[in-house]
Amino acid sequence: MSRATQGLVRLPAWRARALLAGLLLGFVSLSARALYLQTVNTEFLQEKGDARYSRVLEVPATRGRILDRNGEALAVSTPVKSIWAIPGDVELGRAAKRRLEGLLGMSGAELDRKLADASRDFVYLKRQIAPQTAQAIEDLRLRGIYEQQEFRRYYPAGEVAAHVIGFTGVDDSGQEGVELAYQDLLAGRAGSRRVIKDRLGRVVEDVESIRAAQDGRDLTLSIDSKMQSLAYGALREAVREHHAKAGALVALDVRSGEILALVNVPSFNPNNRARLTGAQLRNRAITDLFEPGSTLKPFTIAAALETGRVTPRTAVVTAPGRMSLARYTIRDVHPAAVLTVAQVLQKSSNVGAAKLALAMPAEVMWDLFRHVGFGTAPELGFPGAAAGRLRNYRHWRPIEQATMAYGHGISLSLVQLARAYTVFARDGELVPLSLVKSGAEASGEKVLSAETAREVRAMLELAVQPGGTGPRARIMGYRVAGKTGTAHKEENGRYAADKYIASFVGLAPASAPRIVVAVMVDEPRADDYYGGSVAAPIFARVAQAILRMLAVPYDAPLEPLDAPHGSDEAGEST
Amino acid sequence: MAKLNLLLLAVIVACALGLVTSQHEARKLFAELEREHARARDLDVEFGRLQLEASTWGLHSRVQKIAVEALGLGSPTPAQTRFVARAHPR
């Protein structure tokens, strides 16, 4: 035994064992606890932990912009903030309250009233305020007052394009027009993500993306805002001048079928819709039906030509300018003894049109009307696009067939009428319309022979020459073809004696048509109510501007147009 | 044996420090990313606002009014217009 161990007391062996056992026991209990926490209780603990630092954040998505064909903004969403409060939690010092009142722009009494009901959990203090103001309110760091991100939609073009574009509601979903029609495309989908925040509320780590936010897509319309604005100005002026109730205008690109301008008067300001009437909201060009009157005659004549029984030079006896059928009498404003088919259109003879209609089977007429799109809503994707009324030919009585020949007893929308005229502009092809920019040439559906279409086009050109019904539709430098219409308005199933719808549909340049413009003026109240004197001048003004903007070359000599006088201009009764 | 243990200890300490720094770096970069995201959003909002402003200033009716009233301009009449052929047709 060494000297070192000699002085030591030898301990009993059990003490070492006891210590070992104690240590082991400690380890075992620790592992048991760990096991318990890690397996049995883990979910609860994880949740508690997450609740302390992990947060789910909303990722807002912006609604797509609506642009015109040149990329100019027609509808843009910008973020705004809404301020809300939990009344029970709000504690406002005197100074803080004064500042808040100033920022919200409301009186102390108003603020008190909003915060009065302490039992409510959610009160909007002010909706849709500018982000800067919201930031200033946030900087006050007031208890119980919160803000939330929202979007507000602005329409820079205002009333000019209000009907086409429509508007969105407070919840940012489309309610009218293109905003409604293309809701799925425009609407964004808000996403959410889980993040870890630190003590100061800063996001320090992205845990997972629960749902990716998807911004709405931008939509480029076929509308040209310059043409739209010009058309709106011209139409509004004319409606005011003639003391008319309303008006509508549609301009189409013949090659692509794109709608270049679509305006309605009266209009409204989509940015401020506080006081809106139904009349202002109505998109007459697309959703309203009217009896077109004489603007329908070209189709009757086209149908007659297609039968091969008549040519533009065939004589039609229209004497004595009246025609009795059943209990009705069809009248001409300018009775003539004999007119050629071309003159029937030029002078807008009701008797001539009726006779041509009655000389062919009802089915032929119905077939053409149906094929140019009457009675079916145009596929624009536009809410409330009207189909019009075209009854089956089997139920036609002769008088109905005769009145339909000059556009009574049949109703359609202005857009339908404008589209139907593309048949004459495209040598017999009916083009599908589009409100969205395509830029490409559209392929049409052949509904008339090219020969007939060209013959009718030549007649329509005659109709705007002196001696026709629409010489005021002429434009210097371009050949124009078109037809006027002056229809008695139907009211309560009867034709009102002194209420008219003046219309004009034309195409230009007649040598190689590029545009179709259709104008309709509802109840012009001044002395002039003829389509030739109310609607034709609007056509001339708008078509001239559009042709210039499209840089269409002239196809007529540049001679000043002499203003039509009295005998030059044939009136009409439909 | 002891030498190896010491070496391993050194390695593990180095690793631990590395992890801490890289985590720190990651957070710093993430914060920067967040900032840039926020900036992108702000710029997009600004773009929308400017586009709106441009549209409002460039409103056709306003341009026309200024052109006609302040500058005395007007649309050219057909007589004043000459069409020239495009050198290279599209």
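Residues numbered from 1 in each chain as written. Chains lettered and ligands numbered in written order. Predicted model: local features only at pLDDT ≥ 70, side-chain atom pairs only at ≥ 80, totals over all residues.

A. Broad picture of the overall build of chain A. Within chain A one finds 20 helices and 19 strands. For 574 residues, the compact-globule estimate of 2.2 N^0.38 gives 25 Å, and chain A exceeds it by more than 25% at 37 Å. Each principal axis of the C-alpha atoms in chain A carries an extent, and together these give about 155 × 60 × 50 Å. Within the span of chain A, comprising 574 residues, buried residues form 44% of the whole. In chain A, once contacts between residues fewer than 6 apart in sequence are set aside, the share between residues at least 24 apart is 72%. (Helix = DSSP H or I, 4+ residues; strand = E, 2+ residues; numbered from the N terminus. Rg over C-alpha atoms; globule rule 2.2 N^0.38 Å. Buried ≥ 20, exposed ≤ 12 C-beta atoms within 10 Å, placed from the backbone. Contact = placed C-beta atoms within 7 Å.)

B. How the structure looks around the interface of chain B and chain A. Listed as interface residues are 17 residues of chain B and, on the opposing side, 22 residues of chain A. Counting only elements with at least two residues in the side of chain B that touches chain A, the list comes to helix 1 (2-57) and helix 2 (60-70) of chain B. Residue contributions to the side of chain B that touches chain A peak at 11 residues, all from helix 1 of chain B.

C. Seen up close, the packing of helix 13 (residues 297-306) of chain A against helix 19 (residues 450-463) of chain A. All names here are of chain A. Running from N to C, helix 13 and helix 19 cross one another at 140°; their axes reach a closest spacing of 10 Å. When the axis of helix 13 is compared with that of helix 19, the two are oblique. Regarding helix 13 and helix 19, the two cross each other, and that crossing is right-handed. For the pair helix 13 and helix 19, contact is made by Pro298, Ile301, Ala302, Leu305 and Glu306 and by Thr452, Glu455, Val456, Met459 and Leu460, respectively. For the contact of helix 13 with helix 19, the class distribution of residues is seven nonpolar, one polar and two charged. (Axes fitted to C-alpha atoms, helices over the stretch in contact; angles between N-to-C directions. Parallel < 35°, antiparallel > 145°, perpendicular 65-115°, else oblique. Left-handed = near helix turned anticlockwise from the far one by under 90°. Nonpolar A, V, L, I, M, F, W, Y, C, P; charged D, E, K, R; others polar.)

D. Inspection of the environment of A:Thr422 at higher detail. Residues and elements named next belong to chain A. Locating Thr422 in the fold gives a position in helix 18 (residues 414-425). Considered as a pair, Thr422 and Phe122 are 300 residues apart in the sequence and their alpha carbons are 57 Å apart. Excluding residues that lie within four positions of it along the chain, Thr422 makes contacts with Leu252, Val254, Leu430, Val431 and Val516.

E. Region of interest: the packing of helix 13 of chain A against helix 16 (residues 362-371) of chain A. Residue and element names in this part refer to chain A. One can describe the packing of helix 13 onto helix 16 by two numbers: an axis separation of 9 Å at closest approach and a directional angle of 125°. One finds that helix 13 runs oblique with respect to helix 16. The handedness of the crossing between helix 13 and helix 16 comes out as right-handed. Where helix 13 approaches helix 16, its residues Phe299, Thr300, Ala302, Ala303 and Glu306 are matched on the opposing element by Val364, Met365, Leu368 and Phe369. Looking at the contact of helix 13 with helix 16 residue by residue, the classes come out as seven nonpolar, one polar and one charged.

F. Examining the nonpolar core more closely. All names here are of chain A. By size, the foremost hydrophobic cluster in this structure holds 134 residues, and its most contacted members are Leu249, Ala251, Ala518 and Val542. Among the elements that take part in this core, helix 20 (residues 531-549) stands out by supplying 11 residues, more than any other. Leave out the neighbours within four places in its chain, and Val542 touches Leu230, Ala231, Ala234, Leu249, Ala251 and Val517. (Core = buried A, V, L, I, M, F, W, Y, C linked by C-beta atoms within 7 Å.)

G. View of the environment of B:Gly74. Residues and elements named next belong to chain B. Residue position: Gly74 is located in the segment after helix 2. Residue class for Gly74 comes out exposed when judged on the 10 C-beta atoms lying within 10 Å of it. Along the backbone, Gly74 and Ala14 are 60 residues apart, and their C-alpha atoms lie at a distance of 80 Å.

H. Structural detail: unusual backbone geometry. All names here are of chain A. Look at the link from Ala319 to Pro320: it is a cis peptide, with omega at 0°. Cis peptide bonds are those with omega within 30 degrees of zero, and the linkage from Ala508 to Pro509 qualifies with -15°. You can see Pro509 is positioned in the loop between strand 18 (494-508) and strand 19 (515-522). Despite not being glycine, Asp427 has its phi angle at roughly 55°, a positive value. You can see Asp427 is positioned in the loop between helix 18 and strand 15 (429-430). The phi torsion at Ala551 lies on the positive side, around 55°, for a residue other than glycine.

In short, the description is geometric, and any link to function would need to be established separately.
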